[in-house]
Amino acid sequence: FQVTDTYVSALKSYVNNPYNILDDSAKWKEHREKVESILKSVNQENLNLNKFKGNANDKAISVDANNLTTEQMTELSLFASDLLNQIRERFGTPKTVVTKGMIQVADEVTDGYVADDWRFGKGHDNKAINNVARKYGLPNYLENLNSVNSGDEIHTMYDAKKWVYESISDLLFNGWEWMHAQNITGVSSVRGATKEYFALDISKSLGRTSAHFISVFDNQ
């Protein structure tokens, strides 16, 4: 997975605004707007660099998006983590590490989405996330979410990996918001963190397919 030098430097500058919004809001706003313009200008270039190339063997492996096995969740999580770490290598930010504990957390979060019959356009299912966060003593901002208005996207492991790959691209290069990009790249990492425990799960309901990137920094 590739990101251009301009995107890397611009996103870092977006997050690390040299002006304090309380001390000089005009310069803070001016800097942010300038950097946003740069990010928008290189958006299509970065989209063009990243096209999914899957393994044909994965087309023979059937998956149920709402009932992945632990092995399938682990495989998808490692796939996503490898892509994220290619990106984070460019940004010099803490790497993601897939753990059994986070696999369990991600599975329970997505189970909550399914139980709540969560529909496209409703954003995050905060109730489901908060319930799991409280259970394990974690912060409640665990999730980066990408959804599409279709419930019929994933039937095979090939489909699932393609959806994960495209979700990372969507979260980085949607061209209108960069909060998810900060999280995906690790630029907004907690001070003092050295790694980020991570897992990924997918879910669907009528009219929605989602990729759930679930993570927590080691010092949290």
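That block above? That's the structure.
Thresholds, definitions, all that
- Residues numbered from 1 in each chain as written.
- Predicted model: local features only at pLDDT ≥ 70, side-chain atom pairs only at ≥ 80, totals over all residues.
- Heavy atoms only, no water.
- 1 Å grid on protein atoms, 1.4 Å probe; cavity = no way out; pocket = protein on both sides within 12 Å on 5 of 7 lines; lining within 4 Å.
- Points joined across faces, edges and corners; volume = space filled by probe spheres on them.
- Helix = DSSP H or I, 4+ residues; strand = E, 2+ residues; numbered from the N terminus.
- Nonpolar A, V, L, I, M, F, W, Y, C, P; charged D, E, K, R; others polar.
- Expected span 1.5 Å × (residues − 1).
- Buried < 20%, exposed > 50% of the residue type's maximum accessible area, 1.4 Å probe, protein only.
- Arc of directions from axis to C-beta.
- Contact = heavy atoms within 4.5 Å.
- Axes fitted to C-alpha atoms, helices over the stretch in contact; angles between N-to-C directions.
- Parallel < 35°, antiparallel > 145°, perpendicular 65-115°, else oblique.
- Left-handed = near helix turned anticlockwise from the far one by under 90°.
- Pairing = 2+ DSSP bridges.
- Salt bridge = Lys/Arg side-chain N within 4 Å of Asp/Glu carboxyl O.

A. Seen up close, empty space enclosed by the protein. With the rule as written, the count across this model stands at one cavity of 30 Å³ or more. The volume enclosed by the largest cavity comes to roughly 50 Å³. Residue lining of the largest cavity: L84, R88, T96, N144, N183, I184, E196, F198, F213 and S215, and that is the complete set. Mapped onto the lining of the largest cavity, the elements with two or more residues apiece are helix 4 (70-91), helix 8 (179-185), strand 3 (195-205) and strand 4 (208-217). Across the lining of the largest cavity, the residue classes break down as four nonpolar, four polar and two charged.

B. Just helix 2 (residues 25-41), in detail. For helix 2, built from 17 residues, the straight-helix expectation of 24 Å at 1.5 Å per residue is met to within 8% by its first-to-last C-alpha distance of 24 Å. Within the sequence span of helix 2, burial applies to W28, H31, V35 and L39. Relative to the axis of helix 2, the buried residues are bounded by an arc of 75° and lie together on one face. In helix 2, the exposed positions angled more than 90 degrees off the buried face are occupied by A26, E30, K34 and S41. Elements that come into contact with the buried residues of helix 2 comprise helix 1 (5-15) and helix 3 (43-49).

C. The arrangement of the packing of helix 1 against helix 2 in detail. Contact pair helix 1 / helix 2: the axes reach a minimum separation of 9 Å and the direction vectors enclose 155°. Compared by their axis directions, helix 1 and helix 2 come out roughly antiparallel. Between helix 1 and helix 2 lies a crossing whose hand is left-handed. Between helix 1 and helix 2, the residues in contact are T6, Y7, A10, L11, S13 and Y14 and H31, R32, V35, E36, I38 and L39, respectively. For the contact of helix 1 with helix 2, a count of residues per class yields seven nonpolar, three polar and two charged.

D. Quick look at the sheet that holds strand 4. Read from one edge to the other, the open sheet built from four strands follows the order 1-3-4-2, with strand pairing classed as mixed. Each edge of the open sheet carries a strand with a single partner, namely strand 1 (95-98) and strand 2 (143-148). On average, adjacent strands in this sheet sit at an angle of 30° to one another, irrespective of strand direction. Sheet contacts for helix 5 (residues 100-115): strand 1, strand 2, strand 3 and strand 4; angle to strand 3, the most-contacted strand, approximately 30°.

E. Representation of the pattern of salt bridges within the structure. Scanning all chains against the criterion turns up nine salt bridges. Its salt-bridge partner being E196, residue R88 comes within 2.7 Å of it at the nearest N-O pair. Remark: E196 occurs in strand 3 and R88 occurs in helix 4; sequence separation between them is 108 residues. Measuring nitrogen to oxygen at the nearest pair gives 3.2 Å for the salt bridge that ties D116 to K127. Residue D116 is located in the loop between helix 5 and helix 6 (126-136), and its partner K127 is located in helix 6; the two are separated by 11 residues in the primary sequence. The class for D116 is partly exposed, based on a relative accessible area of 26%. Note on K127: relative accessible area 48%, which makes it partly exposed. Three or more residues joined by partner-sharing salt bridges are found here, namely D58, E75 and K161.

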